[in-house]
Amino acid sequence: RLKYEVLYHNDIIQLLTVYPADKKDEKGVPFWSGTKRRPEPLKFDSKRNQDFDFIVAAANMYASVFGIPKCTDEKAILEALGKVVVPKFVPDKSLKIAANDEEAKNQEEEKMEGVEEKIQKLTASLPDASTLKELKINAAKFEKDDPTNFHIDFITACSNLRAMNYRIKMESKHQTKFIAGKIIPAIATTTAMVTGMVCLEWYKILQKLPIEKYRNSYCNLALPLFTESEPYPPEKKTIKLAGEKKGETLSFSSWETIDVKMGSTSMKDFLKYWYKTYGYKVSSLGYGVTNLYMAAQKSLKHVRAMLKKPLAEVAAERSGTELPTTADYIKLTVVCDNPDADENASDAEQKLEFPPVRFFFK
């Protein structure tokens, strides 16, 4: 019942919050036009066939997986539905939903921020392995011709409920079975193998095995060849520091960050702090794929005005995205001029790129 609420009500409400009926793009064209059909959220009604069929099919498929006796008693199911407490959904107004492939790519890059904290939270949420010893799970293999497994019932209910969201033609169970039967299951073999390799390493993380147990894996199905090797330590870069840290050397890999905790300070104060602490003037400052500051443009009127604003506010404004309400830092890319580079040095040698900077604004 709660899954129904998420799929056919909450997700639609969230989508319409981000893209309301009167939303227009940067060219003034209504967002919900052309091939985009504006959906409508569904209100659960146990008396409606599609809603009830979804509950029965989904519940019985889960029951089959966990070895629980199936139930098709309408009275018992309705009684159980009446006891479900559905929490009130409040859409997140700061959430951004990609409207095209480019936005989706940018959001995937932003999701990588704070990945270590996410992994730690996910790991902490897992139950102790000893509590799962008695758990038995049965894999479900799709079979369209078995009327007792609820597979076609589930697909029919799901597709028709989505059709109702978008006010398009629904299909019968017979037609759904016909369409599903024409679909040939396929799997990207190499992708599946790589995923398996990654999962094997993930198990090692969960078991907190020593670093010597981890492996780099390589496969080539055309040969065929499959090899494993102990990973090398990550490549490290070094920067000789100046300023307050004069005489020190910063050694870092791609996995490390610099944490700066200055609260809601201005961009100008951040740039001053960086020069005072590390002894290098920032030539460019980035947030994701957005360029926040370039030293060559600091004399421009709009740049001077921007320097006075809180850095987190500038990041949100320039990127066109609101910062998540749960976020307490933004990840910045800091590039400085290299004073030791001569006139014949390459563009890359003329710049000093520091590790990613986590700027805590809360």
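Refer to the structure above for everything that follows.
The numbers attached to residues start from 1 for each chain and follow its sequence in the written order. Confidence filtering applies because this is a predicted model: local features only for residues at pLDDT of at least 70, side-chain atom pairs given and counted only at 80 or more, and all residues used for totals across whole chains, interfaces and linings. Only heavy atoms go into the side-chain values, all of them from the structure, while hydrogens and water stay out.

1. Observations concerning the overall build of the protein
Then, number 1: When you go through the protein residue by residue, the secondary structure sums to eleven helices and ten strands.
Then, number 2: The atom set for the radius of gyration is the C-alpha atoms, and the globule formula is 2.2 Å times the number of residues raised to the power 0.38. Taking 21 Å as the expected radius of gyration for a compact globule of 362 residues, we find that the protein reaches 27 Å, considerably beyond that expectation.
Then, number 3: Its C-alpha atoms give the protein principal-axis dimensions of roughly 80 × 55 × 40 Å.
Then, number 4: Taking all 362 residues of the protein together, 29% fall into the buried category.
Then, number 5: Should any heavy atoms of two residues lie within 4.5 Å, those residues are counted as being in contact. Taking the contacts inside the protein whose residues are at least 6 apart along the sequence as the reference set, 61% of them involve residues at least 24 apart. In this text, helices come from DSSP runs of H or I with a minimum length of four residues, and strands from runs of E with a minimum of two, each type numbered from the N-terminal end. Classification of residues uses two cut-offs on accessible area relative to the type maximum, computed with a 1.4 Å probe and protein chains only: under 20% is buried, over 50% is exposed, and between them is partly exposed.

2. A look at a positive patch on the surface
Then, number 1: Together, K268, K272, K301, R304 and K308 make up a positively charged patch on the protein surface.
Then, number 2: At the level of secondary structure, the elements contributing two or more residues to the positive patch comprise helix 9 (267-278) and helix 10 (301-307).
Then, number 3: By secondary structure assignment, the location of K268 is in helix 9. A patch is a set of surface residues, each over 30% in relative accessible area and not in a salt bridge, joined within 9 Å for like charges and within 5 Å for the nonpolar side chains Val, Leu, Ile, Met, Phe, Trp and Tyr. Using a 1.4 Å probe, accessible areas were evaluated by the Shrake-Rupley method; residue-level cover was limited to the displayed protein chains. Whenever Lys or Arg places a side-chain nitrogen within 4 Å of a carboxyl oxygen from Asp or Glu, that contact is recorded as a salt bridge. Under this rule, positive means Lys or Arg and negative means Asp or Glu; His and the chain ends count for nothing. Just so you know, the charge point we use is NZ for Lys, CZ for Arg, CG for Asp and CD for Glu.

3. Regarding the packing of aromatic side chains
Then, number 1: The pairing test for Phe, Tyr and Trp rings, Trp by its six-membered ring, is centres within 6.5 Å, and the orientation test on the planes gives stacked under 30 degrees, edge-to-face over 60, and tilted for anything in between. One pass over the structure, following the stated rule, counts 14 aromatic pairs.
Then, number 2: Plain terms: the ring middles of W274 and F354 are 5.0 Å apart, the flat faces sit at 80° to each other, and that makes the pair edge-to-face. One end of the pair, W274, is in helix 9; the other, F354, is in the loop between strand 9 (351-353) and strand 10 (357-360), with 80 residues separating them in the sequence.
Then, number 3: Judged by its relative accessible area of 0%, W274 is buried.
Then, number 4: By relative accessible area, F354 is classed as buried at 4%.
Then, number 5: Members of the aromatic cluster, joined through ring pairs, are F270, W274, Y278, Y280, F354 and F359.
Then, number 6: Over the ring of Y275 we find K281; its NZ or CZ atom is 5.6 Å from the centre of that ring.
Then, number 7: Ring-over charges, as used throughout, are those where CZ of Arg or NZ of Lys falls within 6 Å of the ring centre and within 35 degrees of the ring normal. The lysine or arginine in question, R358, covers the ring of Y329, its NZ or CZ lying 5.0 Å from the ring centre.

4. Brief notes about a nonpolar patch on the surface
Then, number 1: A contiguous nonpolar surface patch, about 610 Å² in accessible area, is contributed by Y62, F66, I68, L132, L135 and I137.
Then, number 2: Residue placement: F66 occurs in the loop between helix 2 (49-65) and helix 3 (74-82).

Don't take any of this as a statement about function, it's just geometry.
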